[in-house]
Every structure is written in structure tokens, then in C-alpha cells.
Amino acid sequence: GVNLLITGVSTITNSNATHSNVTGVSTVGGDFSIADKIIHTGDTNTALRFPAADLVTVETGGTENLRISGTGVTVSTNNGGDSEFTVEGSGGASVHLKDSGSGEHFRLSANGQASLYAVTSMPMKFYTGGTASGNMRMCLTATGNVGIGTEDPTVDVTGLTSRLGVGIVTAA
């Protein structure tokens, strides 16, 4: 194959080398084509990979930990431990989930306090065992009513309007 060895500042406009060793600052004019991955010298099991069309992954320790595709982002650990996704900011941090089709928003924030809130007037529903209607365990409406075992906190599970209500009590 053809080898290319560059030392110092360089501008590469066209190269068909099968092996390149560049030391110093380099500027590549146009696209930079990579068949599979970029690895770090001395740490070859850490890589930025392009394993398929429209897919980018990050590997550390030889294990894929981040996957970005046209269908979303996945953060994972395959070491038998817990997975953790951290968002950090000096003025607060948020994870914002937004359905651009329906306009529904959900945000988990840490900005001097821990906050969990729906940005729209939609209720917050809590499920166990999947999102089938029989698995909804609690519903918090936009008006602050809480339904346990029902999506309508104004009516109990038997259909009666007399129920135990939970609200804010203030002393006079």
C-alpha cells in the first residue's frame, strides 16, 4: 500500500494512502471518510464507531456504551452494573422529553431543587407492568387531583363520588 507521513502543520486536499501517520496540526479539505472507527493511540479498545449506515456508537473498554441512530439515543453498560445517564450544568440541569407530534412535554430538573413536571396540561400517569389501561396505578391531573387506581380522581373505583381525598391542608 501507499504510506503517507506528515510532520508539522499540513493541509491535505487529496490522499489515497492506505496508511497515514500525521504528527502536528492537520487540516483536511472536504469530507473525511472512515470505514469503521476512530481509536485512541495506546487505548485501542476505546473507539468512536460507524458500524452501519445512519449509526454512530461510542465504545469504552471494548464495550458499546452510547448508540445514536435515526430512531434515538441509547446509553448502556454491559458490565453487569447499573447504567447511569448524567446531565450536569453549573446553573442547573434538566432532562427534557418532548413529543413533537402531540406537543406533550415532561421534564426532570435539578436547579436548586429536584423537580419532576409535565410541561403541558396533560396528567402524569404512573404504571406498573406496562402501559395497558389495567396497569395504571396512579394519576396526577393538571389540577392537582390524585387518583390511585383510577384515572378520574373525582370518582372512586366503585363509581361513587364519596371518596377519600388527598389535598393540601393549611392552618388558619
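Use the structure listed above.
Parameters and conventions
What you see as residue numbers is a count from 1 along each chain, following the sequence as written. At least 70 in pLDDT is required for a residue's local features to be given in this predicted model, at least 80 for side-chain atom pairs to be given and counted, and no such filter applies to totals for whole chains, interfaces and linings, which use all residues. With hydrogens and water stripped out, all remaining heavy atoms of the structure feed into the side-chain values. Only DSSP runs of H or I with at least four residues qualify as helices, and only runs of E with at least two residues qualify as strands; both kinds are numbered from the N terminus onward. Relative accessibility under 20% of the residue-type maximum defines a buried residue, over 50% an exposed one, and the middle range a partly exposed one, all with a 1.4 Å probe and only protein chains included. Note on contacts: a residue pair is in contact if any heavy atoms of the two residues lie within 4.5 Å. For the accessible areas, the method is Shrake-Rupley and the probe is 1.4 Å, while residue cover comes only from the protein chains on display. Two strands are counted as paired when DSSP detects at least two bridges linking them. Simply put, an axis is a line fit to the C-alpha atoms, just over the touching stretch for a helix, and the angle between two N-to-C directions goes from 0 to 180 degrees.

Describing the overall build of the protein chain
For step 1, the next point in the chain: In terms of helices and strands, the protein chain carries zero helices and 15 strands.
For step 2, the next point in the chain: Across the 172 residues of the protein chain, 12% fall into the buried class.
For step 3, the next point in the chain: Partitioning the intrachain contacts of the protein chain with sequence separation of at least 6 by distance along the chain shows that 1% fall at a separation of at least 24.
For step 4, the next point in the chain: Element-wise, carbon and sulfur atoms account for 54% of the exposed surface of the protein chain, whose accessible area totals about 12900 Å².

Some points on the sheet that holds strand 11 (residues 105-110)
For step 1, the next point in the chain: As summarised here, the arrangement of the three strands in space is 10-11-12, forming an open sheet in which the pairing is antiparallel. Only two strands of the sheet have a single partner each, and these edge strands are strand 10 (93-98) and strand 12 (114-118). When the angles between neighbouring strand axes are averaged without regard to direction, this sheet yields 10°.
For step 2, the next point in the chain: Here strand 10 runs beside strand 11; their pairing, made up of six bridges, is antiparallel. The partner of histidine 96 across the bridge, within strand 11, is arginine 107.

Remarks on unusual backbone geometry
For step 1, the next point in the chain: A positive phi angle is found at aspartate 54, which is not glycine, with a value near 60°.
For step 2, the next point in the chain: Inspection of the secondary structure puts aspartate 54 in the loop between strand 6 (43-52) and strand 7 (55-60).
For step 3, the next point in the chain: For aspartate 54, a relative accessible area of 71% gives the class exposed.

Re the sheet that holds strand 6
For step 1, the next point in the chain: Overall, antiparallel pairing links the five strands, which are arranged 5-6-7-8-9 in an open sheet. The two strands at the open ends of the sheet, each matched to only one other strand, are strand 5 (37-40) and strand 9 (72-75). Here the strands of the sheet are splayed against their neighbours by 15° on average, with no regard to which way each runs.
For step 2, the next point in the chain: Taken together, the four bridges between strand 6 and strand 7 define a ladder with antiparallel strand orientation. Of the residues in strand 7, the one forming a bridge with arginine 49 is threonine 57.

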